[in-house]
Amino acid sequence: KQFRKAIELAPNHAEAHCELSGVLNSIGRFSEALPMITRGHQLGTSRKNWQNPSAAWLAQTTRLAELERDVLGVVSGEIELEQAKRHEMARYVCFTKRYYATSTRLFRELFEESPKIANNVPRGDRYYAARAAALVAAGKSKDAPKLPLSQKDAWREQALDWLEQDLVVIKTAIESAKDSRQMAGPLRRLRTWTQVPDLAAVRDDAELVGASEDVRQ
């Protein structure tokens, strides 16, 4: 609301348009974000001192708005995408629109096709995939809203498997770090795991009621 108000008061405020676009993108409203970033980029690049990477923001939002039109077809399985588009569909479109089961499926396909995508821990794709699977287990996925208790453990196990694979890479990075600066990133990722609400279904005791003993351990 504050960015819309800023635009009402100052229609030529480039940063407000860009910020509003970012907010809309973060909640999966890419088609609404596109005119905002388009205008923000136009306004910003007309200034000599503009240093924000609005061209990159505009390019990504354009791609995501195009993918948004196909999301229901991807969820139903009627539309198949090439690898690059599948990645953005999984991480950005399906995830932000709460199609977590489809996001998990697409990530699984991507990791099987190209393990290097999963193993790039700093980029965080496997972490996003684990979050998506955990959110399915929590019953928060629009495309799998009411899972029976007997099926939740499979989603929990998938999330935990991906987190464990990331943990191996993170531990190696910590052990090989030469100073505290190099350790900061890996340690920050581990702290995030203990705090992010998306992982509650595989972490918090209250969310693990009814889970199998293997999962609870």
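Conventions adopted
Residues numbered from 1 in each chain as written. Predicted model: local features only at pLDDT ≥ 70, side-chain atom pairs only at ≥ 80, totals over all residues. Heavy atoms only, no water. 1 Å grid on protein atoms, 1.4 Å probe; cavity = no way out; pocket = protein on both sides within 12 Å on 5 of 7 lines; lining within 4 Å. Points joined across faces, edges and corners; volume = space filled by probe spheres on them. Helix = DSSP H or I, 4+ residues; strand = E, 2+ residues; numbered from the N terminus. Nonpolar A, V, L, I, M, F, W, Y, C, P; charged D, E, K, R; others polar. Salt bridge = Lys/Arg side-chain N within 4 Å of Asp/Glu carboxyl O. Buried < 20%, exposed > 50% of the residue type's maximum accessible area, 1.4 Å probe, protein only.

1. Section: the layout of surface pockets
Item 1. In this structure, the largest pocket encloses a volume near 190 Å³.
Item 2. Around the largest pocket sit E15, C18, E19, S21, G22, N25, I37, N52, W57, Q60 and T61, which together line it.
Item 3. For the lining of the largest pocket, the secondary structure elements donating two or more residues are α2 (14-26) and α4 (54-68).
Item 4. In terms of residue class, the lining of the largest pocket is built from three nonpolar, six polar and two charged.

2. A closer look at the pattern of salt bridges
Item 1. Tallying each qualifying case throughout the model produces 13 salt bridges.
Item 2. Its salt-bridge partner being D153, residue R156 comes within 3.1 Å of it at the nearest N-O pair. Pair noted here: R156 and D153 are both in helix α10 (residues 149-176), with a separation of three residues, about one helical turn. Per residue, the accessibility class of R156 equals that of D153, and both read buried.
Item 3. One network of salt bridges, in which partners are shared, links R86, R105, E109 and E113.

Note that every value here comes from positions in space, so none of it alone points to a role or purpose.
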